[in-house]
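# Commentary on secondary and tertiary structure
Below, each chain spelled out in residue letters.
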Amino acid sequence: MSNTAELYPVPPGFAGPTTIGASEYEREYARSVQDPDGFWGDAAKRLDWFKPPTKIRNVSYDLADFRIRWFEDGELNASVNCLDRHLATRGDKTALIWEGDSPDTEALRISYRDLHARVCRLANALRNLGVGKGDRVTIYLPMIVEAAVAMLACARIGAVHCVVFGGFSPNSIADRVSDCGSKLIITADEGLRGGKRVALKANVDAALKLPGTNTVETVLVVRHTGGAVDMQMPRDRWYDAVVDGQPDTCEPERMNAEDPLFILYTSGSTGKPKGVLHTTGGYLLFASYTHEAVFDLRDEDVYWCTADVGWVTGHSYIVYGPLANAATSLIFEGVPNYPDVSRFWNVIDKHQVTIFYTAPTAIRALMREGEAAVKKTSRSSLRLLGSVGEPINPEAWRWYYEVVGDSRCPIVDTWWQTETGGILISPLPGAIATKPGSATLPFFGVQPALVDADGTVLEGAAAGNLVITDSWPGQMRSVYGDHQRFIDTYFKAYPGSYFTGDGCRRDEDGYYWITGRVDDVINVSGHRIGTAELESALVLHAKVAEAAVVGFPHDIKGQGIYAYVTLKSGEEYSEALRTELVAHVRREIGPTASPDHIQWAPGLPKTRSGKIMRRILRKIAENAPDQLGDTSTLADPSVVDSLVKERYIPN
Ligand code: 6R9
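Residues numbered from 1 in each chain as written. Predicted model: local features only at pLDDT ≥ 70, side-chain atom pairs only at ≥ 80, totals over all residues. Heavy atoms only, no water.

So, about the overall build of the chain. Counting its secondary structure elements, the chain contains 19 helices and 31 strands. In terms of overall size, the chain behaves like a compact globule, its C-alpha atoms giving a radius of gyration of 24 Å where 651 residues would be expected to give roughly 26 Å. Taken along its principal axes, the extent of the C-alpha atoms in the chain is 75 × 65 × 60 Å. Expressed as a percentage of the 651 residues in the chain, the buried residues total 61%. Relative to all contacts within the chain whose residues are 6 or more apart in sequence, the contacts with residues 24 or more apart total 72%. When the accessible area of the chain is evaluated, it comes to approximately 24,100 Å², of which 49% is carbon and sulfur surface. A distance of 2 Å separates the average location of the 67 positive side-chain charges in the chain from that of its 82 negative side-chain charges. (Helix = DSSP H or I, 4+ residues; strand = E, 2+ residues; numbered from the N terminus. Rg over C-alpha atoms; globule rule 2.2 N^0.38 Å. Buried < 20%, exposed > 50% of the residue type's maximum accessible area, 1.4 Å probe, protein only. Contact = heavy atoms within 4.5 Å. Areas by Shrake-Rupley, 256 points an atom, 1.4 Å probe, with all protein chains shown as cover. Lys, Arg positive; Asp, Glu negative; His and termini not counted. Charge placed at Lys NZ, Arg CZ, Asp CG, Glu CD.)

And the structure:
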């Protein structure tokens, strides 16, 4: 296959006065890896520092002497960088546009001045409630303006926010609250998604009945839908009541660059979700720099990222990156198919969105609905499209390019992770010709490499495991409360490198093609779920003896969840129990973790030492029983035949 046949050059006339072109990309990339101190020292000037850093980079991946520190003697405040410094020249500029779940709800436009005042009032209120530097605050909110306000108010007083996705269950909230020892929770009465109400406050109430959550002293409740909630005094307080009357200025905390900014939980291949810890200086610098360069940001842009603030994409590319860059960032409460499948495109026309950033799963779902729903809208304001969360298949890429973007708008396919803080591999749209399905080339300072299972570095066109051989400022610094787990998870497999957990191919033009996770993480609609979490949720059910979970290819979601379940002896395998188990997992983890298929497995393929052979289960779930490979090391090879016979065959 010739790779150049599928090359989409930068459209003529795309570049604006600040667009990074091809020669600048090459020159700056070379400088960024040859002279990281000089490069990042200059880049740090894009932020406002109370005390500018004199030490830029202090990194060693050597396990005996491990450290990752950036700008370590610098002092700054993230909320000052996202708000205060814009007031003199852009106080009246719209910082946030809020579009509600229903198109009939009036949209909000919040100026930088107004956002600054809202953040300061909440920051003062939090301080009055006894929250200070280093305290953890859990945020469990729908996609409303208060979500961004809450994050920035924490940043202002040096509190560490921990946003929990509004789709997570009481159990998941409780796990996270107890792991990080939150003092306060900010939630809302209810959320709205696709016309349905989500009982957020009731979920918090249920979570706080679970063990390990008694660190929480206060729950602030935003009145959003007006739905009835059970307020437990004195613990629960209405958000408005504590914020009203607070001064609209607030002295920001002076933070060291390496002081924590937030914790965000993400799934790994083993155990419970990890609290990914990001610090202040490096993270903010990297989020803002990548946001400006990858989206070729201009002052007049209206930028819309459809992610939820519960995921890292919402942190870096709805809140911190855009606001640090004084951009206009749109927050959308709803879903792509409510009230109908033209909603995204209608919102783009309504607010004259110029940059649109979404996930392949949404593109594939909308593609299935046909072109007419897109073509009846104008979308003439758009100039750039982005994709994130999972590999985008070339067919969906072309539809996005041709149908949504009318073949006018470059696509930036941005590869990155919760752990990386910001985009690591992506086209710069004015510099790099794109290929459908490839995230193309590394961002400044990012040094990807491909290694085989033994750690041998592969050169040229090759396929292997993706590692990053050096640090970048947005890199996570620790797993909250378990620094050893951080080192073990990411730096042990390939000594001297950060291991991403992704497989990847590099073509003859040096372009990177991410092929998906190589570990036991399933990527469902761009959301990471560990098979270990799913399995422990399943075995919590009284009738389940054992469970093994794998991913399988899914047309819309990218990957689906396929669970093999063995019941305790004497229990009856029934359709009703299957339904009950799906509901059970939704209750334990949340709706995003719903198994797509449960196969009854009277026996599981195990080695003689008792290890489940997932490779075999994956092939069965993929409906590829002819590719099972060697089954001779199994304790009982016959279980495979019955699993193959009973497998789920997609129609
Ligand atoms: C930002 C985010 C990270 C995992 C990552 C990879 C997959 C993300 C991708 C992509 C191919 C892209 N991933 N972006 N795969 N192309 N453009 O999604 O963070 O939720 O931590 O997921 O998502 O497998 O390892 P996170």
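Next up on the list: the packing of helix α2 (residues 36-43) against helix α9 (residues 281-294). The description of two helices packed together rests on the angle between their axes and the distance between the axes. Contact geometry of α2 with α9 gives a least axis separation of 11 Å together with a crossing angle of 80°. One element, α2, and the other, α9, form an angle in the roughly perpendicular class. From α2, F39, W40 and A43 reach across to α9, where they touch L285, F286 and Y289. Classifying every residue of the contact of α2 with α9 gives 6 nonpolar, no polar and no charged. (Axes fitted to C-alpha atoms, helices over the stretch in contact; angles between N-to-C directions. Parallel < 35°, antiparallel > 145°, perpendicular 65-115°, else oblique. Nonpolar A, V, L, I, M, F, W, Y, C, P; charged D, E, K, R; others polar.)

This brings us to the packing of aromatic side chains. Under the counting rule described, the total for this entry stands at 48 aromatic pairs. Centroid distance W40 to Y289: 6.1 Å. Interplanar angle 80°. Geometry classified as edge-to-face. Taken together, the residues W40 in helix α2 and Y289 in helix α9 connect sequence positions 249 residues apart. In this structure, W40 and Y289 share a single accessibility class: buried. Look at F486 and F491: their rings are 5.2 Å apart centre to centre, the planes differ by 80°, and that puts the pair in the edge-to-face class. Across this residue pair, the class does not change: F486 and F491 are buried. Here the aromatic cluster, defined as three or more aromatic residues joined through ring pairs, consists of Y25, Y29, F39, W40, W49, W70, F71, F286, Y289, F443 and F444. The ring centre of F168 lies 4.5 Å from the NZ or CZ of R176, which sits over that ring. (Phe/Tyr/Trp six-rings, centres within 6.5 Å; stacked < 30°, edge-to-face > 60°. Lys NZ or Arg CZ within 6 Å of the ring centre and 35° of its normal.)

For the rest of this paragraph, the subject is the site of the ligand. Around the ligand lies a shell of 17 residues, among which D413, T414, T418, D502 and R528 are the nearest. The backbone of T414 places a nitrogen or oxygen atom 2.8 Å from a nitrogen atom of the ligand. Notes on the ligand: free accessible area 530 Å², of which the protein chains cover 96%. Split into classes, the residues belonging to the shell around the ligand amount to 6 nonpolar, 6 polar and 5 charged. (Near = heavy atom within 4 Å. Polar contact = N/O pair within 3.5 Å; in protein donor to acceptor, adjacent residues only side chain to side chain.)

Core analysis: the biggest nonpolar cluster contains 172 residues, and W40 and Y320 have the highest contact counts within it. Here this core takes 11 residues from helix α5 (residues 145-157), the largest share from any one element. Excluding residues within four positions of it along the chain, Y320 makes contact with A78, C82, M151, L152, A155, H161, L261, F262, Y283, L284 and H315. (Core = buried A, V, L, I, M, F, W, Y, C linked by side-chain atoms within 4.5 Å.)

This part is about the pattern of salt bridges. A side chain with one charge can pair with a side chain of the opposite charge if their charged atoms come near. Scanning the entire structure with this criterion turns up 46 salt bridges. With its nearest N and O atoms 3.1 Å apart, the salt bridge here joins R379 to D406. Within this pair, whereas R379 is found in the loop between α13 (372-375) and β19 (384-388), its partner D406 is found in the loop between α14 (394-404) and β20 (411-414), the two being separated by 27 residues in sequence. Notably, a salt bridge pairs E622 with K619, separated by 3.4 Å at the nearest N-O pair. Within this structure, R27, E28, R31, D42 and K45 form a network of salt bridges that share partners. (Salt bridge = Lys/Arg side-chain N within 4 Å of Asp/Glu carboxyl O.)

The omega torsion across M233 and P234 is 0°, close enough to zero to call that bond cis. Structurally, the position occupied by P234 is in the loop between β11 (218-222) and β12 (236-238). In this structure, P339 follows Y338 across a cis peptide bond, with omega equal to -5°. Residue position: P339 is located in the loop between β17 (328-332) and α11 (343-351). In this structure, D296 is a non-glycine residue whose phi angle is positive, near 45°. Within the fold, D296 resides in the loop between α9 and β16 (302-305). The buried category is assigned to D296, whose relative accessible area is 3%.

A word on the domain arrangement of the chain. Taken domain by domain, the chain consists of domain 1 (22-76 + 445-516), domain 2 (78-335) and domain 3 (525-646). With centres defined by C-alpha atoms, the gap from domain 1 to domain 3 works out at 35 Å. (Domains from an automatic or database assignment.)

Moving on to the side chain of T213. Structurally, T213 is set in the loop between α7 (200-207) and β11. Judged by its relative accessible area of 4%, T213 is buried. Those residues in contact with T213 that lie beyond four places of it in its chain are A174, V177, A207 and L208.

Take α11 next. Within the sequence span of α11, burial applies to R343, F344, W345, V347, I348 and H351. Just beyond α11, the residue with positive phi is Q352, at close to 55°.

Looking at the secondary structure, you find T280 in the loop between β15 (274-279) and α9. Leaving out residues up to four positions away in the same chain, T280 has contacts with L76, A78, M255, N256, A257, D259, P260 and L261.

Looking now at the sheet that holds β17. Ordered in space as β5-β4-β17-β16-β18-β19-β20, the 7 strands form an open sheet in which the pairing is mixed. Of all the strands in the sheet, the pair left with one neighbour each is β5 (108-111) and β20. Recorded for the sheet is a direction-independent mean angle of 20° between the axes of neighbouring strands. Looking at chain direction, strand β18 (residues 355-358) and β19 are connected through 4 bridges and run parallel. If you follow Y357 over to β19, its bridge partner there is G386. In this fold α5 packs onto β4 (94-99), β5 and β17, with an angle of close to 140° to the strand it touches most, β4. Running at roughly 140° to β4, α11 makes contact with β4, β5, β16, β17 and β18 of the sheet. (Pairing = 2+ DSSP bridges.)

With that settled, the discussion passes to the sheet that holds β12. Ordered in space as β12-β11-β8-β6-β7-β14-β15-β24, the 8 strands form an open sheet in which the pairing is mixed. With partners counted over all chains shown, the strands left at the sheet margins are β12 and β24 (478-479), one partner each. The sheet contact formed by β15 and β24 spans 2 bridges and is antiparallel. Within β24, the residue paired with L277 across the bridge is S478. The strands that helix α10 (residues 312-324) touches are β7 (160-163) and β14 (260-266); relative to β14, the one it contacts most, it runs at about 140°.

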